[in-house]
Structure formats: C-alpha cells, structure tokens
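# Examination of the molecular architecture
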Amino acid sequence: MKKSTMRLGFVALSLPLVLPLMTSFALAGPVESACVRSDRAGASRPLCGCIQQVADMVLTNSDQRRAAKFFKDPDAAHAVWVSQRAADDAFWERYKQFGTMAEAYCAG
C-alpha cells in the first residue's frame, strides 16, 4: 500500500510539469505540426506556433490542412498556383494573404 501511495504522489507532483507539454502537442494545429516536422533550418516551435496563430486568423480548417501539405510537398503549392480552377484561385488568394500576414506578424 505504501508503494501505491508513493506512485500516486509522484504522479500528482509530475502532472503540473507534464500536462503543459502534452497540451501543447495536442493543441497544435495542422500548420504548426507540419512546420515543426519540416526540415527547414529556421523552423522552431515558437515560430511555428506564431505561424499557426496567423493561420487560425486567416484560413479555414480545410485551408490549413491543405496549406500544411505544402511543407512536405512544395510541388503541390505550385500545382495550385498554376491551376485554372476558380476554387484553387480563391484558395491561393487566401494563402497569399496568410503568407503576407505571417511574415509581418512572426518576423520578430
């Protein structure tokens, strides 16, 4: 019984230290997650978090998932850019606005 009480105490003391880390990973949006996973030299959790904040202000959830794919596959961005579809053109305008705002807001 003493061991289980000690374990419970350890868990109770550890929770305030571990919970913020778990929450930050759980709440990361698609753009932030893709940014952090990217192999870009300047990618950092604070910068990627800032970019996600701008994405939350400018892009819909669907737009964010689509934009997140560009981190892994830049050719997909090019395909959207050269597309003649009205839906792609509308997305590209929102994406450009997002990029401009993210650069201004997160340039630090």
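Structure shown above.
Residues numbered from 1 in each chain as written. Predicted model: local features only at pLDDT ≥ 70, side-chain atom pairs only at ≥ 80, totals over all residues. Heavy atoms only, no water.

Another aspect to go through is the packing of helix α3 (residues 45-58) against helix α6 (residues 86-106). Contact geometry for α3 and α6: axes closest at 9 Å, N-to-C directions at 135°. The angle between the axes of α3 and α6 places the two elements in the oblique class. Regarding α3 and α6, the two cross each other, and that crossing is right-handed. For the pair α3 and α6, the contacting residues are L47, C50, I51, Q53, V54, A55, M57 and V58 in the first and R94, Q97, F98, M101, A102, Y105 and C106 in the second. Of the residues assigned to the contact of α3 with α6, the class counts are 12 nonpolar, two polar and one charged. (Axes fitted to C-alpha atoms, helices over the stretch in contact; angles between N-to-C directions. Helix = DSSP H or I, 4+ residues; strand = E, 2+ residues; numbered from the N terminus. Parallel < 35°, antiparallel > 145°, perpendicular 65-115°, else oblique. Left-handed = near helix turned anticlockwise from the far one by under 90°. Contact = heavy atoms within 4.5 Å. Nonpolar A, V, L, I, M, F, W, Y, C, P; charged D, E, K, R; others polar.)

Within the element layout of this structure, S38 appears in the loop between α2 (30-37) and α3. Judged by relative accessible area, S38 falls into the buried class, the value being 16%. For S38, the side chain forms a polar contact with the main-chain oxygen of C35, separated by 2.7 Å. With residues near it in sequence (within four places) discarded, S38 still touches A43 and F71. (Buried < 20%, exposed > 50% of the residue type's maximum accessible area, 1.4 Å probe, protein only. Polar contact = N/O pair within 3.5 Å; in protein donor to acceptor, adjacent residues only side chain to side chain.)

Let us now look at the state of the cysteines. Applying the stated rule across the entire model yields two disulfides. What pairs with C35 in a disulfide is C48, and their sulfur atoms sit 2.0 Å apart. Between C35 and C48, the S-S torsion sits near -65°, and that sign places the bridge as left-handed. Pair noted here: C35 is in helix α2 and C48 is in helix α3, with a separation of 13 residues, a long-range link. One exposure class covers both C35 and C48, and it is buried. The disulfide partner of C50 is C106, and the gap between their sulfur atoms is 2.0 Å. On the sign convention where negative means left-handed, the S-S torsion of about -95° between C50 and C106 marks this disulfide as left-handed. (Disulfide = S-S within 2.5 Å.)

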